[in-house]
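# Breakdown of the fold
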Amino acid sequence: MAVVWTLIAMVVGSLAFHLLSPWWLAPIASNWGRIDAMLALTLLITGVFFVVLNLGLAATIWRFRHRDGHRAAYRPDNRRLERWLIVGTALGIAALLAPGLVVYADYVVAPHDALVMEVLGQQWKWSYRFPGADGRFGLVDARFVSPTNPYGIDQKDASGTDDLLVPGDEVHLPLNRPVKVLLRSNDVLHDFDVPPFRARMNIVPGTVTSFWFTPTQTGRYEVLCAQLCGVGHYNMRGFVVVEDAPVFERWLAARSTFAATLSAAVASVDPLVASGQALAQGKGCIACHTIDGRSGVGPTWKGLLGQTARFTDGSSALLDASAARQHIRDPRARTLQGYPSVMPKVELSDAELDALVAYIAAQK
Amino acid sequence: MAEALDHTPAHPIAPETAHAATHGFLTRYVWSQDHKVIAVQYSCIAIFTGLVGLVLSDLMRLQLGFPGVFEFINAERYYQLVTMHGMIMVIYLLTALFLGGFGNYLIPLMVGARDMAFPYLNMLSVWVFLVAVIVLMASFFVPGGPTGAGWTLYPPQVILPGTPGHDWGIVLMLVSLAIFIIATTMGGLNYVTTVLQLRCEGMTLMRMPLSVWGIFTATILALLAFPALFVSAVMLMLDKLLGSSFFMPALVSMGQARAYQGGSPLLFQHLFWFFGHPEVYIIALPAFGVVSDLISVHARKAIFGYRMMVWAILAIGVLSFVVWAHHMFISGMNLAFGFFFATTTLIIAIPTAIKVYNWLLTLWRGDIHLSVPMLFALAFISTFIIGGLTGLFLGNVSVDIPLSGTYFVVAHFHMVMAVAPILVVFGGIYHWYPKVTGRMLNDTLGQLHFWITFLGTYLIYFPMHYLGMLGMPRRYYAYAGYEFIPPSAQALNAFITVVALIVGVAQLLFVVNLVWSLFRGAPAGPNPWRAASLEWQTPQTPPVHLNWGERLPVVHRWAYAYSVPGAAQDYIAQNAPPQAGGDEPEQGTLRQERGS
Amino acid sequence: MTSLAITRPRSDLGVGLWVFIGVATTLFTLFVAAYVMRMSGSDWSTIALPWQLALSTALLMAGSVALQLGARHAARSRWAAARTGVLVAGACAAAFIASQLWAWQVLQAAQVRMAGNPAASFFYLLTAMHGLHVIGGLVAWSLTARRLDPPRDAPRAVEAVRLCARYWHFLLAVWLLLLATLTGITPAVVAFVCGSPGVAP
């Protein structure tokens, strides 16, 4: 009768696990509490079926286990029972589906007075853009993407000049105001996922997707990428800070406009460093190395050179320009402690290597 | 008296010894056109591939449970493990085993045929399948290794830098899939034609066992759904090799502008899931059919509501073609589609639920023998209940929004597509092994295998749902540094890994049992389970070439004449004389007249 | 005693071929669906179809007629005539492949390439897929044409020729569908049908 006891234990254990488990939905921080309510309703209905069917199975096995002299009944069907079961199940299904679709109907259409924010996903970082004073985004296209114009904004489009750019991982939003999030990517599929907000959507290059929500709790929330986008997928992090409206307005006002970033880029840098930056983009180094201090698949370049570091083979050494050159030429010779040994060998001429190392050294 | 329709090939029916004398080892066991040999070949290749997939999953779990400890599992390799594990298990294990393994063995025997309709094509199909497996495995050895884009192979990332295997690995994967689809089509033509054309006298469609209905319907699904995978694979290959832009929009990859433009990644997803959803029913429907037969035989009771079970299989098959975009609710597709697909998805739950009720009602008032096959069948019911119920969360579009792409999905599809059908695979093999080999599988090993597998898989996948509720995304190499994930979640991951390793190793018990029992298993006799269906009534066990000896069987009743009141035994074979009774509950248009 | 008799009017090979025709129909329908869905992209540029396609069409039609006549002759045991019909059909199919390659060559010379214009990509893809099915048919044809005058097993030979004819007709039907798609389904048509809000993928 081990099977019977096991089934009963499974039901009891599963219920206990559910009640005692510390793992549940993140505390909700948006207006989509109705999704949580739908989830709870689904849990209730499916939970009842789970318990009844499994305990019914256990009871049936117990009662009708083989005993000598006992013979099975002959009841090959029962049309009336079948009909009731179909009707009952259909009603249960409808009870689940109808409210779910009502909630979804709201999800599909954003409020017309929503604040609009654009999220740009790329391998493997997030950037954001707000429409600026004119309330309109500048047109974008993948062919305009360059090291000085990572968003790919069309410089000939007047509405783009005042767009407010948030190139780092942290974006702010005002409390209690609906926000319509426009999602774009210039490379591959991503998914902008902040679990406490519940609402989310995939990002599809070549199109603009969107979803909407209203932040209802202040706080700092982690952004995840939830659509496998390559080796850096698990490390594509960001933050959304929800704050009171006046604080948000001050934060927003302090962002650079697109026009300002263009002129800042023009007010140039050492051409060697500039070409090193272009190489870092072009050869894909930025996929794993950041310049803002955040560690990714590889160590950040900010302040990297000049440190003494340990390697996985136990040795330690000063990370100077020549160590950097050596490492780029032969990445698997040794690996920094705490990082995976995945750096590919990138083809670079000596002149390119000089430029790249100059760029790395310039990140203080 | 009407002649039994006999599609015997031109040569005379040779008894086993004569057959052995005239055909060498290669003809009988390698290039065999006998469906039974082909079935064993399919099964061996599929099970071997499945064991590879199992090892890959244990390597994945090592990284998830003990992140960073096993340095050779870096991010690149991790994603390659994820991808190959998924593709191997879904396509090369489950589809090949249910259709090529179970289908090939059971269909001719259960419908009273001598072999499949096109034996030469059948033989070719298993070798083409082997080629597909070899090409797939070759992707481990090419520069860059296998593709690491997930078994769903989504463009644009799959063929762009940043994803492992974007050069050679994906090409080999797509070539392997195309070859597999050709093999499946060759096999599928056989299974469908055999069921339609080669049923023996008296074997109407509504007298076929549910195993045949499940495999038959799944085969039709395969024939109609795999073309969608073929279309998407060909187009993706052209995008990769010839620079077309079927799926590739204008993009900048790793700082480099690419020459693609105008393509639609969503087009790939629609095509892929138009295949991908029926694919899960290609796996589930044979499982439904087989488990119905296991329950019926081992509870000595006719399957409850046979007609309804057939209709449910057919309804699920048809409906499976109109639910695909529930895999795409938050893909960025037109949001209005969500209403339609949520509705169809919840509708498909109804015939599925009917099947669950009917299995329970079959057991009710039965005579339940807790043999190893029955244990696996019961475990199927329990795990399928939870796997199916969690599908209701994901099918209801608004609830899917926070759960999509999390471990909730991983737990759901493993429970309903991996655990439940694999339990049926095991149950089916324990059940039919005596017919295939003439020997019983060892019962003690079987019980041990059962308990570890059943308890272990439940302990792996039940808690996993909660990690999904928490919001833990799937396909993450590591979770370090995310504040919303508590350390206890990492502890749970470690626990799941340990259980997964134990369950993985325990499958060796099954493999050992298969081999050991071949030589030392107790002799089984022709019908150790006292089953009524036709495959147990062959003149020889194991059945010889051409199965039935001089004359084909004639069938007089359905396959579920168990515990018929007034009958001498608690079962009446399908081909027992009509006087023995045990008629099916409904007479169709073909009425049987007693007496002459 | 009356036994239950299962009547089976169709042959096994006939049923098998119908099933395969179902599979291939699904395949080409999906390709056409992908064609329509991709057409909404902004980079679509309809290509001018070379005249060699009219030749291809004529060859397929001729092949179908030849095989249909061949099947009729075979049914009446007129084996010499049947053989002629079968051989002519094979020649037409081979010539069809040649005309397809010719058409491709013409387009390549006009710089219409696989990459760069999805209309061109689809043209090559659709014709290649159809051509592969014709080549497959030629394999079956070669088995049929082997011994036909006189055949070793007359009923089998009659059936073989009949099924070849059926498959040839199917390939002609697919070809006409593809031609209709390439010429008749334009971006304007697609925009009209799918352009209403809420239907675009």
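Here is what the cut-offs are and how they apply
Each chain has its residues counted from 1, following the order in which its sequence is written. As a convention, the first chain written is A and the first ligand written is 1, with the rest following in written order. Local features are withheld for residues below a pLDDT of 70 in this predicted model, meaning they are given only at 70 or higher, and side-chain atom pairs are given and counted only at 80 or more; totals for whole chains, interfaces and linings count all residues. As a rule here, side-chain values come from all non-hydrogen atoms in the structure, and water together with hydrogens is ignored. A side-chain nitrogen of Lys or Arg and a carboxyl oxygen of Asp or Glu constitute a salt bridge if their distance falls within 4 Å. By definition, any uninterrupted DSSP run of H or I lasting at least four residues is a helix, any uninterrupted run of E lasting at least two residues is a strand, and each is numbered from the N terminus. In what follows, a contact means two residues having at least one pair of non-hydrogen atoms within 4.5 Å. Any pair of N or O atoms that falls within 3.5 Å is considered a polar contact. Within protein, one atom must be able to donate a hydrogen and the other to accept it, and sequence-neighbouring residues count only if both atoms are side-chain atoms. In the scheme used here, Gly and all other residues not listed as nonpolar or charged are polar, with Ala, Val, Leu, Ile, Met, Phe, Trp, Tyr, Cys and Pro taken as nonpolar and Asp, Glu, Lys and Arg as charged. Candidates for patches are residues over 30% relative accessible area with no salt bridge; among them, like charges are joined within 9 Å and nonpolar side chains (Val, Leu, Ile, Met, Phe, Trp, Tyr) within 5 Å. Only the protein chains shown count as cover for residues, and the accessible areas themselves come from Shrake-Rupley with a 1.4 Å probe. Here's how the labels work: a residue is buried when its accessible area is under 20% of the maximum for its type, exposed when over 50%, partly exposed in between, all with a 1.4 Å probe on protein chains only. Aromatic pairing here means that ring centres of Phe, Tyr or Trp (its six-membered ring) are within 6.5 Å. Orientation follows from the plane angle: under 30 degrees is stacked, over 60 is edge-to-face, and everything else is tilted. Start and end positions for the domains come from either an automated domain assignment or a database one. Joining two parts hides part of their accessible area as seen by a 1.4 Å probe, and the buried area is that hidden amount summed over both. Helix axes are fitted to C-alpha atoms over the stretch in contact, other axes to C-alpha atoms as well, and angles between N-to-C directions run from 0 to 180 degrees. Here roughly perpendicular refers to angles of 65 to 115 degrees, roughly parallel to angles under 35, roughly antiparallel to angles over 145, and oblique to all remaining angles. Should the near helix be turned anticlockwise from the far one by less than a right angle, the crossing is left-handed, and should it be turned clockwise, the crossing is right-handed. The criterion is simple. A nonpolar core is a set of buried Ala, Val, Leu, Ile, Met, Phe, Trp, Tyr and Cys residues joined through side-chain atoms within 4.5 Å. A helix is expected to span 1.5 Å for every residue after the first. A residue's pLDDT is simply how confident the predictor is in it, with values from 0 to 100.

## Quick word on the pattern of salt bridges
The final tally for this structure, using the stated rule, is 17 salt bridges over all chains. One salt bridge connects A:Arg220 with A:Glu170, and the closest N-O pair in it is separated by 3.0 Å. Note that A:Arg220 is positioned in strand β9 (residues 219-225) and A:Glu170 in strand β4 (residues 170-174), a separation of 50 residues in sequence. The residue C:Asp43 makes a salt bridge to C:Arg38 at a minimum N-O spacing of 3.0 Å. Look at the salt bridges and you will find they share partners, linking A:Glu118, A:Arg129, A:Asp163 and A:Arg184 into a network.

## Thoughts on the interface of chain A and chain B
In this complex, chain A contributes 100 residues to the contact, which on the side of chain B involves 117 residues. At the junction of chain A and chain B, the tally comes to zero salt bridges. Seen at the junction of chain A and chain B, the total is 33 residue pairs in polar contact (both at pLDDT 80 or more). If one sorts the elements of the side of chain A that touches chain B by residue count, helix α3 (residues 79-108) of chain A sits on top with 17 residues. A per-class count over the side of chain A that touches chain B returns 59 nonpolar, 26 polar and 15 charged.

## So, a nonpolar patch on the surface
All names here are of chain B. Together, Phe25, Leu26, Tyr29 and Trp31 line one region of the surface with nonpolar side chains, adding up to about 470 Å² of accessible area. You can see Phe25 is positioned in helix α2 (residues 25-30). Given the relative accessible area of 59%, Phe25 is considered exposed.

## Section: the packing of aromatic side chains
In total, this model carries 76 aromatic pairs over all chains according to the counting rule given. Aromatic side chains A:Trp301 and A:Tyr359 sit 6.1 Å apart centroid to centroid with 85 degrees between the ring planes, which places their arrangement in the edge-to-face category. Of this pair, A:Trp301 sits in the loop between α6 (271-282) and β12 (308-310) while A:Tyr359 sits in helix α8 (residues 350-361), and the two are 58 residues apart along the sequence. Assessed through its relative accessible area of 5%, A:Trp301 is described here as buried. Measuring from centroid to centroid gives 5.2 Å for B:Phe247 and B:Phe268, while their planes differ by 85 degrees, and the two rings are edge-to-face. Of this pair, B:Phe247 sits in the loop between α7 (210-242) and β1 (252-253) while B:Phe268 sits in helix α8 (residues 265-298); the two residues are 21 residues apart in sequence, bridging distant segments of the chain.

## Examining the domain arrangement of chain A
Residue and element names in this part refer to chain A. When its domains are assigned, chain A resolves into domain 1 (2-67 + 75-108), domain 2 (115-259) and domain 3 (268-361). Counting residues at the interface gives ten residues for domain 2, matched by ten residues for domain 3. Taking both sides of the interface into account, the surface hidden between domain 2 and domain 3 amounts to around 740 Å²; carbon and sulfur atoms contribute 51%. It is Trp124, Pro147 and Asn235 that lose the most area in domain 2 upon contact with domain 3, and together they represent 54% of the buried surface on that side. Taken together, the links from domain 2 to domain 3 amount to zero salt bridges. On the surface where domain 2 and domain 3 come into contact, there are zero residue pairs in polar contact (both at pLDDT 80 or more). For the side of domain 2 that touches domain 3, the residue count by class is four nonpolar, four polar and two charged.

## Focus: the packing of helix α10 (residues 337-363) of chain B against helix α11 (residues 372-395) of chain B
Residue and element names in this part refer to chain B. Axis separation between α10 and α11 bottoms out at 11 Å; the angle between their running directions is 160 degrees. What the angle tells us is that α10 and α11 run roughly antiparallel. Between α10 and α11 lies a crossing of left-handed hand. Contact residues: Ala342, Thr345, Leu346, Ala349, Thr352, Val356, Trp359, Leu360 and Leu363 in α10; Met374, Leu378, Phe380, Ile381, Phe384, Ile385, Leu392 and Gly395 in α11. Here the residues of the contact of α10 with α11 sort into 14 nonpolar, three polar and no charged.

## Describing the nonpolar core
By size, the foremost hydrophobic cluster in this structure holds 372 residues, and its most contacted members are A:Phe130, A:Phe192, B:Tyr92, B:Phe102, B:Met235 and B:Trp359. With 25 residues, the top contributor of residues to this core is helix α4 (residues 75-111) of chain B. Listed in part, the 21 residues of the second largest apolar core include A:Trp301, A:Ala309, A:Leu348 and A:Ala355.

## Here's the deal with helix α1 (residues 2-20) of chain A
Over its 19 residues, α1(A) runs 26 Å from end to end, which matches the ideal 27 Å to within 8%, given 1.5 Å per residue. Listed in full, the buried residues belonging to α1(A) are A:Val3, A:Val4, A:Thr6, A:Leu7, A:Met10, A:Val11 and A:Ser14. On its buried side, α1(A) packs onto α2 (33-63) of chain A together with α11 and α14 (443-470) of chain B.

## A look at the confidence of the model for chain C
All names here are of chain C. Per-residue pLDDT for chain C averages 89, and the proportion of residues at 70 or more is 92%. By mean pLDDT, the top-scoring element of chain C is helix α2 (residues 52-75) (96), and the lowest-scoring one is helix α6 (residues 187-194) (78). Contacts of residues 1-5 to residues separated by more than four positions or lying in other chains number 14 contacts, the stretch itself having pLDDT below 50. Here residues 196-200 is modelled with pLDDT under 50, and outside its nearest four sequence neighbours on either side it reaches ten contacts, counting other chains as well. Both confidence scores are given for the complex: pTM 0.92, ipTM 0.92.

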